[in-house]
Amino acid sequence: MHWGPDAKAPPRRRGRSDPSDDLGVDSLGVDSGADDEPGALALDASVNAEPDEPEQQRFDMGPDREPPPPRGPDNPPPEGIPPPPVICNPINGGLSSVIVDGTHRLFSVQMPADTSHMAILFLWHGFLELPDIFRNEVVYDVPARRWVAFDPNAFPMPLMIVTPWDTKLIPPWGLDWDIVGGGVDVGFFDAMLQCLREQYAIDDSRIYSFGFSAGAVFSNLLAAVHPNLFAATISESGAWFNDPAQWADVLVPIIQWQWPALDPAHRGSVLLTHGGPNDFATVISLESANQKALPFLYDRGRTVTECAHTFGHTRAPDLTQRMYYDYMWAHRRGGPPIGSLPPGFPTLDRPVGSTRCVLHPPR
């Protein structure tokens with residue numbers, strides 16, 4: 001069973017459960033209260049969703065504060081200035097927290113049965129999408145006809161799945177995630193990874209990042225900031241804002257992007273999906289952005305696996321959990337790039353529903 005070319009992607013549920021009070025920290029979540037598809041990438045400065053509870057507040061940098069500049073190879077921290085302090089709390093399955101520069105940040109962890117040596121998959125949700133819903137509905141199970149969670153025991157080795165919680169940044173500072181330059185959330189990611197490495201045996205050659213929409217944009221930014229960290233990046237309906245050609249697709253240019261450049265010498269692998277003419281999120285055509293991302297990425301040494309579908313601005317429902325896992329397993333940091341699509345992937349000659357994938361080796 002698969003989706004036909006005219007089928008609509010199945011709907012995803014909405015709503016928030018808020019277990020953050022169990023950790024003794026303020027909730028950072030908010031329901032959008034809107035009728036738009038959750039997770040849509042939006043750059044509308046008028047967005048001002050009401051919080052679920054009176055004590056729940058949006059993260060506000062203040063009218064006179066600029067977001068911190070991105071960190072990375074092109075912008076190392078000033079000499080002699082220590083990195084922000086990180087306090088690692090015990091990490092187990094379920095909701096965990098870390099303190100970064102005095103701020104509590106939350107993330108959910110799905111543990112495999114065997115925790116003696118693990119790969120890691122980070123999941124970054126879309127704008128106004130709810131992290132606890134996102135992690136449980138990230139991939140479509142065609143036989144069951146519903147969105148499901150990734151299985152940490154179905155990967156070829158034990159897989160820890162980490163779903164970070166955002167701070168609800170709003171334009172012009174970000175879209176839930178600090179997609180402008182990463183200054184807030186790159187530090188959060190670094191702290192999570194530091195704490196995970198301290199408490200568990202992590203295979204550093206198998207760290208993967210999966211993002212959708214604004215989450216894909218932030219995942220792409222992470223790949224630029226840490227070009228030698230990820231074995232592969234999965235970017236679904238996102239964009240790369242170190243490419244000026246993709247800036248032009250933003251119809252309301254209210255953000256000044258501060259991304260590090262991509263160095264072809266760093267190589268890297270990206271699974272890129274986009275949803276056709278209807279892959280549009282408020283002020284940007286992600287279809288256009290992804291078409292521009294192809295030459296941008298493989299001109300800069302990246303191996304791109306492109307999967308195009310026609311379901312609009314949504315995660316690709318024709319790609320199964322097995323396909324994602326086969327793709328990730330084929331990529332190990334420091335290993336050779338793949339020379340062909342993983343077995344079972346849709347191709348131009350053998351599509352799955354409306355989805356067709358093409359391997360673009362670097363030029």
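One can find the structure itself at the top, above this paragraph.
Residues numbered from 1 in each chain as written. Predicted model: local features only at pLDDT ≥ 70, side-chain atom pairs only at ≥ 80, totals over all residues. Heavy atoms only, no water.

So, the overall build of the protein
At step 1: Scanning the protein for helices and strands turns up 6 helices and 14 strands.
At step 2: Looking at the protein residue by residue over its 363 residues, the buried ones come to 58%.
At step 3: Considering only residue pairs separated by 6 or more positions, the protein has 73% of its internal contacts joining residues 24 or more positions apart. (Helix = DSSP H or I, 4+ residues; strand = E, 2+ residues; numbered from the N terminus. Buried < 20%, exposed > 50% of the residue type's maximum accessible area, 1.4 Å probe, protein only. Contact = heavy atoms within 4.5 Å.)

What to know about unusual backbone geometry
At step 1: For the bond running from Pro171 to Pro172, omega is 5°, close enough to zero to count as cis.
At step 2: The phi angle at Thr282 is positive, at roughly 65°, despite the residue not being glycine.
At step 3: In this structure, Thr282 sits in the loop between strand 11 (280-281) and strand 12 (284-285).

Notes on the pairing of strand 4 (residues 118-124)
Two faces, one strand: in a regular strand the side chains alternate between the faces of the sheet.
At step 1: For strand 4, the tally of buried residues reaches 7 of 7 residues, placing the bulk of the element in the interior.
At step 2: Of the two faces of strand 4, both are covered, the one formed by Met118, Ile120, Phe122 and Trp124 as well as the one formed by Ala119, Leu121 and Leu123.
At step 3: Judged from the 6 bridges that link them, strand 4 and strand 8 (residues 202-212) form a sheet pairing that is parallel. Along strand 8, the bridge assignment pairs Phe122 with Ser209.
At step 4: By the bridge criterion, 4 bridges tie strand 4 to strand 7 (residues 159-164) in an arrangement that is parallel. Across the sheet, residue Leu121 finds its bridge partner in strand 7, namely Ile161. (Pairing = 2+ DSSP bridges.)

Overview of empty space enclosed by the protein
At step 1: Overall, the coordinates contain 2 cavities of 30 Å³ or more when judged by the stated rule.
At step 2: The volume enclosed by the largest cavity comes to roughly 120 Å³.
At step 3: Taken together, 13 residues form the lining of the largest cavity, with Ala223, Thr233, Arg267, Gly268 and Arg302 sitting closest to its centre.
At step 4: Taken together, the elements giving at least two residues each to the lining of the largest cavity come down to strand 9 (232-236) and strand 10 (269-274).
At step 5: Among the residues making up the lining of the largest cavity, the classes are represented as 7 nonpolar, 4 polar and 2 charged. (1 Å grid on protein atoms, 1.4 Å probe; cavity = no way out; pocket = protein on both sides within 12 Å on 5 of 7 lines; lining within 4 Å. Points joined across faces, edges and corners; volume = space filled by probe spheres on them. Nonpolar A, V, L, I, M, F, W, Y, C, P; charged D, E, K, R; others polar.)

Things to note about helix 3 (residues 214-225)
At step 1: In this model helix 3 runs 16 Å from its N-terminal to its C-terminal C-alpha over 12 residues, within 8% of the 16 Å that 1.5 Å per residue would give.
At step 2: Burial analysis of helix 3 places 12 of its 12 residues in the buried class, the great majority of the element.
At step 3: Within helix 3, burial applies to Ala214, Gly215, Ala216, Val217, Phe218, Ser219, Asn220, Leu221, Leu222, Ala223, Ala224 and Val225.
At step 4: Tucked into the core, helix 3 has its buried residues touching strand 4, helix 2 (185-199), strand 8 and strand 9. (Expected span 1.5 Å × (residues − 1).)

Section: the state of the cysteines
At step 1: Enumeration over the complete set of coordinates arrives at 2 disulfides.
At step 2: Paired by a disulfide, Cys88 and Cys195 hold their sulfur atoms 2.0 Å apart. Measuring handedness by torsion sign, the sulfur bridge of Cys88 and Cys195 sits at about -80° and is left-handed. With a gap of 107 residues between them, Cys88 in strand 1 (residues 86-88) and Cys195 in helix 2 connect regions that are remote in the sequence.
At step 3: By relative accessible area, Cys88 is classed as partly exposed at 24%.
At step 4: We classify Cys195 as buried; its relative accessible area is 0%.
At step 5: For Cys307, the disulfide goes to Cys357, at an S-S distance of 2.1 Å. Judged by the sign of its S-S torsion, about 110°, the cystine formed by Cys307 and Cys357 is right-handed. Taken together, the residues Cys307 in strand 13 (residues 303-308) and Cys357 in strand 14 (residues 356-360) connect sequence positions 50 residues apart. The pair Cys307 / Cys357 is uniform in exposure class, with both members buried. (Disulfide = S-S within 2.5 Å.)

What to know about the nonpolar core
At step 1: Core analysis: the largest hydrophobic core is formed by 60 residues, its most contacted members being Phe122, Met160, Phe189, Met192, Trp240 and Leu297.
At step 2: Filtering out sequence-adjacent residues up to four positions away, Leu297 remains in contact with Trp240, Leu262, Val270, Leu272, Arg302 and Val304. (Core = buried A, V, L, I, M, F, W, Y, C linked by side-chain atoms within 4.5 Å.)

With respect to the sheet that holds strand 7
At step 1: With mixed pairing, 10 strands are arranged side by side in an open sheet as 1-2-3-7-4-8-9-10-13-14. Both outer strands of the open sheet, strand 1 and strand 14, are each paired with one neighbouring strand and no more. Put simply, the sheet's adjacent strands are angled 20° from each other on average, direction ignored.
At step 2: Strand contacts of helix 3: strand 4, strand 8 and strand 9, with the helix running at about 145° to strand 8, the strand carrying the most contacts.
At step 3: In this fold helix 5 (residues 286-298) packs onto strand 10, strand 13 and strand 14, with an angle of close to 160° to the strand it touches most, strand 10. (Axes fitted to C-alpha atoms, helices over the stretch in contact; angles between N-to-C directions.)

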